[in-house]
Amino acid sequence: MPSSDPLKLVVFDMDGTLIDSQHHIIASMTRSFEINGFAAPDPASVRAGVGLPLEAIIRSLLPDISPEQCERLVQDYRGDHRARLDRGDRHEPLMPGAREVVERLDSEGYLIALATGKGSRGARHALEVHGLIDRFVSIQTSDTAPGKPHPGMIIQAMNEAGVEASATIMVGDTVYDLETARNASVASVAVTWGYHERADLENFGPGAVIDHFDDLDVEVARLLAS
């Protein structure tokens, strides 16, 4: 069991890592595009951008739009996302093994944090719905820090938890998560069940690549020991 001195921190991404939210993300993006007179975006292209700031995702899909058009698309996306939340129809299921690994790491003495491109309301709602919010010592979102791959989310999580970079692991499903970890000088674990392809994750050179949350504990312990 890890000792409480020094403290050790595991920072999780949310979309594609802890929860499967792609259907709502794609639906809100499609609605935003339709409201503004654009053809529905390719779902695979939307998934490829998940993890980046919303403005960056939209610009990757529509590179020639004006700043004003981009801002309208952002606001309409957020409005549709909020409306789904208010109606209670934003069911974002946990990925297999997610609950168990968070509870297990917490019980073993690790501190748990979140670093997500979601807004604070949506992120906290997802954790509350699944009864996990009390397991997290820090919740970093698009409202509290610059978007990935800027290291701000991880740095702020480490500051709140009182943990050094050498005792921190980032767990995520996209190369943006891995780049964020690299920029924060922390080790990373890539998961293969999310929104980026395994080959792209492996090419980025994370500390480990796993296919199921059952494998995370061993890799976290190994990376922190090294």
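For the structure, check the block above.
Residues numbered from 1 in each chain as written. Predicted model: local features only at pLDDT ≥ 70, side-chain atom pairs only at ≥ 80, totals over all residues. Heavy atoms only, no water.

Would you take a moment to explain the overall build of the protein chain for this structure?
In terms of helices and strands, the protein chain carries ten helices and six strands. Whereas a compact globule of 226 residues would reach a radius of gyration of roughly 17 Å, the protein chain reaches 17 Å, a difference of no more than 12%. Along the first, second and third principal axes, the C-alpha set of the protein chain runs to 55 × 35 × 30 Å. Counting every position in the protein chain, which comprises 226 residues, the buried fraction comes to 50%. In the protein chain, once contacts between residues fewer than 6 apart in sequence are set aside, the share between residues at least 24 apart is 65%. As displayed, the protein chain offers around 9900 Å² of accessible surface, 48% of which is attributable to carbon and sulfur atoms. Treating the 20 positive side-chain charges of the protein chain as one cloud and the 35 negative ones as another, the clouds have centres 4 Å apart. (Helix = DSSP H or I, 4+ residues; strand = E, 2+ residues; numbered from the N terminus. Rg over C-alpha atoms; globule rule 2.2 N^0.38 Å. Buried < 20%, exposed > 50% of the residue type's maximum accessible area, 1.4 Å probe, protein only. Contact = heavy atoms within 4.5 Å. Areas by Shrake-Rupley, 256 points an atom, 1.4 Å probe, with all protein chains shown as cover. Lys, Arg positive; Asp, Glu negative; His and termini not counted. Charge placed at Lys NZ, Arg CZ, Asp CG, Glu CD.)

Is there a simple way to think about the pairing of strand E2 (residues 111–115) in this case?
Along E2, five of the five residues are buried, which leaves the element largely enclosed by surrounding structure. Residues of E2 alternate between two faces, with Leu 111, Ala 113 and Ala 115 on one and Ile 112 and Leu 114 on the opposite face, all of them buried. As paired strands, strand E1 (residues 9–12) and E2 are joined by four bridges and run parallel to one another. Bridged to Val 10 within E2 is Ile 112. Handedness of the crossover joining E2 and strand E3 (residues 136–140) through helix H6 (residues 120–129): right-handed. (Pairing = 2+ DSSP bridges. Right-handed = clockwise from strand over helix to strand, strands pointing away.)

Looking at this structure, how should I read helix H5 (residues 98–107)?
Two residues of an α-helix separated by three or four positions point the same way, owing to the 3.6 residues in each turn. Burial in H5 covers these residues: Ala 98, Val 101, Val 102 and Leu 105. Taken around the axis of H5, the buried residues stretch over an arc of 100°, which confines them to a single face. Just downstream of H5, Gly 109 is the residue with a positive phi angle, here 105°. (Arc of directions from axis to C-beta.)

Explain the sheet that holds strand E5 (residues 187–191) to me, please; I cannot follow it from the model alone.
Neighbouring strands of a sheet are bound in pairs by backbone hydrogen bonds; such pairs are parallel or else antiparallel. The six strands are arranged E3-E2-E1-E4-E5-E6 in an open sheet whose pairing can be described as parallel. Every interior strand has two partners, whereas the edge strands, E3 and strand E6 (208–210), have only one. Pairs of neighbouring strands in the sheet enclose a mean axial angle of 20°, with direction left out of account. Contacting strand E4 (168–172) and E5, helix H8 (residues 175–183) runs over the sheet at an angle of about 175° to E5. (Axes fitted to C-alpha atoms, helices over the stretch in contact; angles between N-to-C directions.)

Where do I start with unusual backbone geometry in this structure?
Both trends apply: most residues other than glycine have a negative phi, and most peptide bonds are in trans. Residue Lys 148 is joined to Pro 149 through a cis peptide bond whose omega torsion reads 10°. Looking at the element boundaries, Pro 149 is found in the loop between E3 and helix H7 (152–161). Despite not being glycine, Ser 185 shows a phi value in the positive range, around 60°. Judged by its relative accessible area of 58%, Ser 185 falls in the exposed class.

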